[in-house]
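The chain contents come next:
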2 protein chains.
Amino acid sequence: MMLSEGMVERLSVYRQLLVCLEHRQRTDVFSHELASLAGVTAAQVRRDLMTIGYSGNPRRGYGVAGLVAVIGGYLDSPGGQAVVLVGLGNLGRAILAYFNERRQGLRIVAAFDRDPAKMDQIVQGCRCYPMEKLQEVVAGTGAQVGIIAVPRDGAQQVALQLVRAGIRGLLNLSPMRLVMPDYIYVEDLNMASSLEKIAFFSRRQTGEKKVAQ
Amino acid sequence: MMLSEGMVERLSVYRQLLVCLEHRQRTDVFSHELASLAGVTAAQVRRDLMTIGYSGNPRRGYGVAGLVAVIGGYLDSPGGQAVVLVGLGNLGRAILAYFNERRQGLRIVAAFDRDPAKMDQIVQGCRCYPMEKLQEVVAGTGAQVGIIAVPRDGAQQVALQLVRAGIRGLLNLSPMRLVMPDYIYVEDLNMASSLEKIAFFSRRQTGEKKVAQ
DNA sequence: TGTTGTGAAAACCTTCACAGCG
DNA sequence: CGCTGTGAAGGTTTTCACAACA
């Protein structure tokens, strides 16, 4: 089955929330609870769970553990997925810290930077390689996903190197839009756009509900 | 007129691209050029520009400078908008650097951190205040937008303080979903969700076109 | 009673396709 | 001729509303 972008995003958010609930010993949850935590409507939650074929029970709601497992079945790659990071400035280090002890499914297995002073350092448990080793290391790890955390002028160049090394998906944190062949899946996190959007909608006094991400 | 979220995002991207073109002395641009730079279809660009009432000319396309101005008329607040940042770790510093010399419209006018060692430092041209001064400084600057760059456990707490100080829109960079009254516009940049999305769609060999942000 | 599951409707967004123009 | 501007069509996503059920 093919899930839409929006659905994948919501499933990911549901799972984060469910894991939280699990830690608090919750075993079941109602659609309206999950909905208000996730910032969507209860009907949306029910529809999403219906789409992935997870059933609840009118008395107790949905089973938390089972739902986490079913979402995992959709989102996670069976053997886990390796991710590489390019750029170890403030942003790159922030991302490493973020994913430091994250879910086993996605692991940042290598970082690259052109600053020779950083070579072979271990930052947040992750080894830093020079750009020249990119091809070789990416191939060795079998990573399919890359994170671009370099300044605007290097971004396009770095993206091309990653694609040549076999990467299929990119998280682009630079303010530059990448021009890529269309078999590459690119997600831009453009902070300038995000802030402009917030500025715009917070000016209008909209009673606005917001979805994750 | 009310613009949709998607449109605001695209307008913001168009503007970034147009400013780039302006620097390269381009005076006019065709819908299909802007489209391929922005990663959308030409029809979409024409529809968007129609919506904001900007007309082109079948011979030369759309005037770059005029379009930048019209988009600005929609996106920018007349007097500019002040933004405050909470959290001066790696992520916070990366954001400051990012917006260091950004467009005059959005300015980060103050940063807050609970680490006493950072008090009164000037980071990237921006003064750092203690959390206790938040209320007072936000009121003084009239900021309406806040950026949350603190670790997960502090996020909800910080968001509430910002709301109490009068903030109306939030950029949440923590992995925590915020529970907010619904007159507050929240945008979550959840890296975990983004990465999971990329991992998912890059696995399926979709010939996928991607829109900004 | 309060919840799930779900057809059907509504809302929204994107693309098509072509007339009209420079 | 190749582009813009746009009504109409098409597609997708969200919400409604209610039967079925524990």
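Further up the page is the structure itself.
The rules behind each value
Residues numbered from 1 in each chain as written. Chains lettered and ligands numbered in written order. Predicted model: local features only at pLDDT ≥ 70, side-chain atom pairs only at ≥ 80, totals over all residues. Heavy atoms only, no water. Core = buried A, V, L, I, M, F, W, Y, C linked by side-chain atoms within 4.5 Å. Buried < 20%, exposed > 50% of the residue type's maximum accessible area, 1.4 Å probe, protein only. Contact = heavy atoms within 4.5 Å. Helix = DSSP H or I, 4+ residues; strand = E, 2+ residues; numbered from the N terminus. Pairing = 2+ DSSP bridges. Disulfide = S-S within 2.5 Å. Near = heavy atom within 4 Å. Polar contact = N/O pair within 3.5 Å; in protein donor to acceptor, adjacent residues only side chain to side chain. Nonpolar A, V, L, I, M, F, W, Y, C, P; charged D, E, K, R; others polar. Axes fitted to C-alpha atoms, helices over the stretch in contact; angles between N-to-C directions.

J.: Tell me about the nonpolar core, and please be specific about residues and values.
T.: Counting residues in each nonpolar core, the largest one holds 106 residues, and the members touching the most others are Y14(A), L18(A), Y14(B) and L18(B). Every residue in contact with Y14(B), bar those within four places of it in the chain, is listed here: L34(B), A38(B), V40(B), Q44(B), V45(B), D48(B), L49(B) and I71(B).

J.: Please give an account of the pairing of strand β6 (residues 126-130) of chain A that cites residues and values.
T.: If a strand is regular, its side chains alternate between the two faces of the sheet. Residues and elements named next belong to chain A. A large share of β6 lies buried, amounting to four of its five residues. Pairing of strand β4 (residues 106-113) with β6, which is carried by three bridges, proceeds in the parallel orientation. Residue pairing across strands places A111 opposite C128, the latter belonging to β6. Hairpin geometry of strand β5 (residues 122-123) and β6 is characterised by an intervening segment of two residues between the two adjacent antiparallel strands and by a positive phi of about 50° at Q124.

J.: Tell me about the state of the cysteines, and please be specific about residues and values.
T.: Residue and element names in this part refer to chain A. With the rule as written, the count across this model stands at zero disulfides over all chains. With no disulfide partner, C126 has as its closest neighbouring cysteine sulfur the one in C128, 7.9 Å distant. We classify C126 as buried; its relative accessible area is 3%.

J.: Can you lay out the protein's contact with DNA strand C for me, pointing to particular residues and giving the numbers?
T.: The local shell around DNA strand C holds 20 residues, among which S31(A), R47(A), G56(A), Y62(A) and T41(B) are the closest. Each atom of DNA strand C within 4 Å of the protein was assigned to sugar, phosphate or base; sugar and phosphate come to 59%. Contact between DNA strand C and G56(A): a phosphate oxygen at 2.7 Å from a main-chain N or O atom of the residue. For DNA strand C, a base nitrogen lies 3.4 Å from a polar atom in the side chain of R59(B). Those elements that provide at least two residues to the surface near DNA strand C are α2 (31-38) and α3 (42-51) of chain A together with α3 (42-51) of chain B. Among the residues making up the surface near DNA strand C, the classes are represented as five nonpolar, nine polar and six charged.

J.: Got a sec to walk through the protein's contact with DNA strand D? Specific residues and values, please.
T.: Lining the immediate surroundings of DNA strand D are 20 residues, of which S31(B), R47(B), S55(B), G56(B) and Y62(B) lie closest. Taking all atoms of DNA strand D within 4 Å of the protein, the share assigned to sugar and phosphate is 61%. At 3.2 Å from a base oxygen of DNA strand D is found a side-chain nitrogen or oxygen belonging to R47(A). Tallied by class, residues from the surface near DNA strand D come to five nonpolar, nine polar and six charged.

J.: I'd like a description of the sheet that holds β6(A), backed by residues and values.
T.: Backbone-to-backbone hydrogen bonds pair the strands of a sheet. The strands run either parallel or antiparallel. Residue and element names in this part refer to chain A. Taken in spatial order, the seven strands make up an open sheet running β5-β6-β4-β3-β7-β8-β9, and their pairing is mixed. Looking along the sheet, the strands with just one partner apiece sit at the ends: β5 and β9 (185-188). Sheet strands touched by helix α5 (residues 90-99): β3 (81-86), β4, β5, β6 and β7 (145-148). Its angle to β4, the strand with the most contacts, is close to 160°.

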